[in-house]
Every structure is written in C-alpha cells, then in structure tokens.
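# Structural description and commentary
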Amino acid sequence: MDYRSKRVTNLPPYLFSVFQKKKKQLEEQGVDVIDLGIGAPDLPTPPFIVQKLLDESVKPENHRYSNYAGSQEFREAVANFYRRKYGVELNPDEEVLTLVGSKEGIAHLISAVINAGDSVLIPDPGYPVYRSAVSLADGESIYFPLDHQNEYRPNFKSLSQTEIRKAKMIILNYPSNPTAATVNLATFQEAISFAKQHNLALVHDAAYGLVTFGEYEAPSILQVPEAKDIAVEFGSLSKSFNMTGWRIGYIVGSKHLIQSLSLMKSNIDTSQFLPIQKAAAVALQSDLQSVKHNNDIYNNRLSTMLNALKQIGIHVKRPKGTFFIWAPVPIGYTSNEFAEEMLKKAGVIITPGTAFGPSGEGYFRISLSVHTDRLEEAAKRIRQFKGGES
Ligand SMILES: *Cc1c(COP(=O)(O)O)cnc(C)c1O
C-alpha cells in the first residue's frame, strides 16, 4: 500500500538530505566534518526572552488556547515594532496575524490564495519552500531568474507576457536566502507597481529583515505607499533573535490576503503557545541591542570567511545582510562537484547553489552560523584546499 498522495509524491526533492547522509558516513569513518550548510543561527536566544517564557509558562491562564489569530498582545507588539522601525501603521486586528513560524505561514498562504493550475512567480535561486508550497497547492511555479549582473534584484522585463498573465502571485525575499542580496526601497517601489499593473498578490519574505551590517538597514515593503492594497510581508523571530525552535513569526499587510490565510489556519492550528507569544512580544519591543550584538558576530565571521575565499581565488562582494555568503565555484566545477570536493578534501559541507533552483548552478552557499572557532578551522581548511589540488 502506498500511502503517499499525489501531492506528497510530486514534492520536489529536498537536496539537503543527500549531504547530511554523506556527512554521517564520513563522521562514522572518524572524519571531523564542519557543516557550513546549516541555515539556522548557532547563537542562543537572548536571556531576557528566555526569562519571559519561564515567568509566563507557570501561569495557568497561559495554558489555554490562544485566539486563532494570535494574542492581542503579540499582534500589538508587531504593530508597534512596524511603527517604530519602519514608520508603518498597522491595525493589529486586521493587518497582523501570528504564525507558528513564517514557513508555515508562507505554505498556508499559497494554498489559501491560489487555485489548482494557477501560477506563482518565485525567485531563482530562492528558498526551496516557495516551490514546494506551490506544488502542494497544485499550482505551477514560474521561476524568475536572479543574477549577479543585476545584483540579484528582480528583472521584471525578463518575464514573458504569457508568464505574467498566468501568474496570480509573486514572491520576493530580501535580504535574500541564499544570495545574501539586499535592496533599497526603490526596488520595492518598482515591484509594487509591477504587481499592481498585473493584478498580482505580492508576498515579501523578510525573514532576515533585522540581520544587517554596518549602516545598512533593510526596508519593509510596506513602506511603499499603498503597498497594503496588494502586498503582505512575512517576519520571523527565528533568525534575528535565534528562536528557530520556538516557532513564532507573523504576517502583516493586506487585510484581504491575511483574512484568507486566517480562515485557512483556523481550521488547521490554534496559533502558538501563549508564553511563546508573550516572550516574542518582549523581543520585538526591546531596544534590539541583542540583534546588533549577534550581527556584529556574523560580520566578524564574514571577514574571516571572505578572506579565506579570496586566498583560493574566490572573490565575493561583501554582503550587507543575512548570515550567508553566495559565491561562484572555481572554474571547471559544477556546484555539485565543488560541494563534493569540499566535503571530500576539506571535510567542509557547503550547499550547492542548485539546491535553490536552476539559476544557482555555478554557485555555492556558505552559512556563517557555526561557532567562530569552527568557522576559523573551516577557513583554514578552505585556504589549504587549493594546495590539495595542485
Ligand atoms: C528560515 C527562513 C524562513 C522560515 O523561518 P521560520 O523559522 O519558519 O520563521 C523563511 N524564509 C526564509 C528565506 C528563511 O531562510
């Protein structure tokens, strides 16, 4: 008996598990493998957030169901955060919804908005969940290629009229996983105009919105006037407050899109554990010094790794956000070959660019979310990598 539905059978393959298997094999042979493939922070959740969870978790009134839409307290904290950080006004009752992590929200929103056969424009390379979620909704993914020449900004002119006409939704993600590309508000203005002109719902995934370096601050797409008519933005505490396991995020923007997602979700989950929502509210309303502290750590690791790459002839423009480096593979390798070679010769796991879509060919992604000592060891091995070749 095959218990896999067509939807599950048709899911695109998940490339990360292949390298995890190889990692296990090598470790069993006694090889010290350094995993730079991980897409989650290694740093701990700031203590003031953990403390709030501890305090709230012993109160019996917090052991009940949350509202479907999430607690008023958390939704107000998100609205306050948007006012303070971006100067954007949000109605916490209609324009904010609590999510059990943004991944859940992205996947459910797609199912809530598109019909079987509808198309969604998704970034290539991009976060693999977009494509899987479109597939689960029986939709069709149309990749829009992002390339180095255009600094990984969307080039709307590259899309054909047929593709645009078929599409119901477009997804953007800045600062970007995997390319680490960042944009300014002008790119969002252009995207909103494009989406309005073609009746597309615009979904912006801002999972790395607070993970930025130096003077650069990532804009919110809702800072574009009238963006709320057609756009939503996803936010997550996972990457900025090191809370991946807590499963807490939010969606803000168009009340029509949010209403549709909310209706779907009310039949699937009943929001997140109240103490987690309360702790997350405290995080968003903090002075964000803990975020700055983490970003400084990533920024230092970035210098270490960029230097190591330079020494093997790989030059990368310093990214302004995320904890990723997106770099070209040396001449003569495919993405996969280079990743395999790195694992075999240096014991370092990197992610081949093709894991994020066909336009990722010729590139690889390094994650900076491993302990600084281990990252330095990885950098050392990478510097020696070329020597091993000749
Ligand atoms: C990690 C990640 C997410 C999901 O984060 P959650 O933990 O589900 O909130 C969403 N988008 C991108 C691009 C990510 O890298």
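Look up a bit, the structure's there.
Read across the open sheet, the three strands follow the order β9-β12-β11; overall the sheet is antiparallel. On the outer flanks of this sheet lie β9 (324–328) and β11 (351–352), each paired with one strand and no other. Most of the contacts of helix α11 (residues 289–311) go to β9, to which it runs at about 10°, and overall it touches β9 and β12 (363–367).

All right, on to a nonpolar patch on the surface then. There is a patch of nonpolar side chains on the surface, built from Val8, Leu11 and Leu136 and spanning about 210 Å² of accessible area. Mapped onto the secondary structure, Val8 falls in helix α1 (residues 6–9).

So, about the sheet that holds strand β2 (residues 96–99). The seven strands are arranged β2-β8-β7-β6-β5-β3-β4 in an open sheet whose pairing can be described as mixed. The outermost strands of the open sheet, each flanked by one partner alone, are β2 and β4 (140–145). Here the average twist between neighbouring strands, direction ignored, is 25°. Relative to β4, strand β3 (residues 119–124) runs parallel, the two sharing six bridges. Bridge pairing in β4 links Ile122 to Tyr143. Along the sheet face, helix α4 (residues 72–86) touches β2, β7 (231–236) and β8 (249–253) and points at about 60° away from the line of β8.

A separate point is the nonpolar core. With 57 residues, the main nonpolar core has Tyr82, Leu202, Leu237 and Phe241 as its most contacted residues. The dominant element in this core, judged by the number of residues it contributes, is α4, at seven residues. Split by domain, this core shows at least three residues from each of two domains, domain 1 (6–45 + 289–385) and domain 2 (60–284). Apart from residues lying up to four places away in sequence, Leu237 is in contact with Phe74, Asn242, Met243, Ile248, Tyr250, Ala280, Ala283 and Leu284. Listed in part, the 41 residues of the second largest apolar core include Leu26, Ala207, Val329 and Ala379.

The subject of this paragraph is the packing of helix α5 (residues 102–113) against helix α9 (residues 255–265). Contact geometry for α5 and α9: axes closest at 9 Å, N-to-C directions at 100°. In terms of axis orientation, α5 runs roughly perpendicular to α9. Counting all contacts with α5, which are made through Glu104, Gly105, His108, Leu109, Ser111, Ala112 and Val113, the residues of α9 involved are Leu257, Ser260, Leu261, Met264 and Lys265. Across the contact of α5 with α9, the residue classes break down as six nonpolar, four polar and two charged.

Moving on to the site of the ligand. In the vicinity of the ligand lie 14 residues, with Asp205, Tyr208, Ser236, Ser238 and Lys239 positioned nearest. Protein contact buries 94% of the 380 Å² of open area that the ligand shows by itself. When its residues are assigned to classes, the shell around the ligand shows four nonpolar, six polar and four charged.

Counting across every chain of the model gives two cavities of 30 Å³ or more. Reported here for the largest cavity is a volume of approximately 140 Å³. Considering the residues around the largest cavity, the lining is formed by 20 residues, among which Tyr86, Ala206, Gly209, Leu210 and Tyr250 are closest to the centre. Mapped by element, the contributors of at least two residues to the lining of the largest cavity are α4 and β7. Top contributing element to the lining of the largest cavity by residue count: β7, with four residues. Classifying every residue of the lining of the largest cavity by side-chain character gives 13 nonpolar, six polar and one charged.

The next subject is the packing of aromatic side chains. Applying the stated criterion across every chain, the model contains 15 aromatic pairs. For the ring pair Tyr208 and Phe324, a centre distance of 5.6 Å and an interplane angle of 70° mean the geometry is edge-to-face. Residue Tyr208 is located in the loop between β6 (201–205) and β7, and its partner Phe324 is located in strand β9; the two are separated by 116 residues in the primary sequence. Of the two residues examined, Tyr208 and Phe324, each falls in the buried class. Centre to centre, the rings of Trp326 and Tyr363 are 5.4 Å apart; their planes meet at 5°, and the pair counts as stacked. Taken as a pair, Trp326 in strand β9 and Tyr363 in strand β12 lie far apart in primary sequence, 37 residues in all. Take Trp326: its relative accessible area is 6%, and that puts it in the buried class. An aromatic cluster of at least three residues, connected via ring pairs, comprises Phe74, Phe81, Tyr82, Tyr86 and Tyr250.

The rules behind these values
Residues numbered from 1 in each chain as written. Predicted model: local features only at pLDDT ≥ 70, side-chain atom pairs only at ≥ 80, totals over all residues. Heavy atoms only, no water. Pairing = 2+ DSSP bridges. Helix = DSSP H or I, 4+ residues; strand = E, 2+ residues; numbered from the N terminus. Contact = heavy atoms within 4.5 Å. Axes fitted to C-alpha atoms, helices over the stretch in contact; angles between N-to-C directions. Patch = residues over 30% accessible without salt bridge, like charges linked within 9 Å, V, L, I, M, F, W, Y side chains within 5 Å. Areas by Shrake-Rupley, 256 points an atom, 1.4 Å probe, with all protein chains shown as cover. Salt bridge = Lys/Arg side-chain N within 4 Å of Asp/Glu carboxyl O. Core = buried A, V, L, I, M, F, W, Y, C linked by side-chain atoms within 4.5 Å. Buried < 20%, exposed > 50% of the residue type's maximum accessible area, 1.4 Å probe, protein only. Domains from an automatic or database assignment. Parallel < 35°, antiparallel > 145°, perpendicular 65-115°, else oblique. Nonpolar A, V, L, I, M, F, W, Y, C, P; charged D, E, K, R; others polar. Near = heavy atom within 4 Å. 1 Å grid on protein atoms, 1.4 Å probe; cavity = no way out; pocket = protein on both sides within 12 Å on 5 of 7 lines; lining within 4 Å. Points joined across faces, edges and corners; volume = space filled by probe spheres on them. Phe/Tyr/Trp six-rings, centres within 6.5 Å; stacked < 30°, edge-to-face > 60°.

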